[in-house]
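Each chain is listed here by its residues.
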Amino acid sequence: MPNESNLPMTPLEQAANALDQGALDLAEQGFRKILAADADHPEALLLLGETLRRKGDLGQAEAVLRQVIENVRSSPLPYSILHQTLLDAGRYPDALEAIEQAVELEPHNPDLV
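Residues numbered from 1 in each chain as written. Predicted model: local features only at pLDDT ≥ 70, side-chain atom pairs only at ≥ 80, totals over all residues. Heavy atoms only, no water.

Q: Before we move on, can you summarise the side chain of Arg53 with the specific residues and values?
A: For Arg53, the position within the fold is in helix α3 (residues 42-55). Here Asp88 takes part through its side chain, which lies 2.8 Å from a polar atom of the side chain of Arg53. With residues up to four places along the chain from it excluded, the contact list for Arg53 reads Leu58, Ala61, Ile81, Gln84, Thr85 and Asp88. (Helix = DSSP H or I, 4+ residues; strand = E, 2+ residues; numbered from the N terminus. Polar contact = N/O pair within 3.5 Å; in protein donor to acceptor, adjacent residues only side chain to side chain. Contact = heavy atoms within 4.5 Å.)

Q: I'd like a description of the packing of helix α5 (residues 77-88) against helix α6 (residues 92-105), backed by residues and values.
A: Packing of α5 against α6 leaves a shortest axis separation of 8 Å and a crossing angle of 165°. If you check the angle between α5 and α6, you find them roughly antiparallel. Both α5 and α6 take part in a crossing whose hand is left-handed. The residues of α6 that touch α5, namely those facing Tyr79, Ser80, Leu82, His83, Leu86 and Leu87, are Tyr92, Asp94, Ala95, Leu96, Ala98, Ile99, Gln101, Ala102 and Leu105. Looking at side-chain class alone, the contact of α5 with α6 contains 11 nonpolar, 3 polar and 1 charged residues. (Axes fitted to C-alpha atoms, helices over the stretch in contact; angles between N-to-C directions. Parallel < 35°, antiparallel > 145°, perpendicular 65-115°, else oblique. Left-handed = near helix turned anticlockwise from the far one by under 90°. Nonpolar A, V, L, I, M, F, W, Y, C, P; charged D, E, K, R; others polar.)

Q: An account of helix α2 (residues 24-37) is needed here, citing residue identities and associated values.
A: Its 14 residues give α2 an end-to-end C-alpha distance of 20 Å, which sits within 8% of 20 Å, the value for a rise of 1.5 Å per residue. Each element contacted by the buried residues of α2 is listed here: α1 (11-20) and α3. (Expected span 1.5 Å × (residues − 1).)

Here it is as structure tokens:
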């Protein structure tokens, strides 16, 4: 499926598109394929974490998101998704810590509060 520039979509774009459309198994397969070639691909890891969260695999989502955070400490986005993952798991103190870390990185970002 072409993107806005009529070029073929990259594997990351295809997997992200599947995630956006709710095709979670297809999205997971796409992100895992990217990660098989580049285990530390930050965007694929981040979106895999979100995919796993949406699928309800909260433990695996948390592990993937913590890997992203370990590799990319300057972005609030993995902390924000980890926050939601921990909320979904009922781990409220841990969720609060995750969102506090996100806000610390971008204190003026209204999407984090």
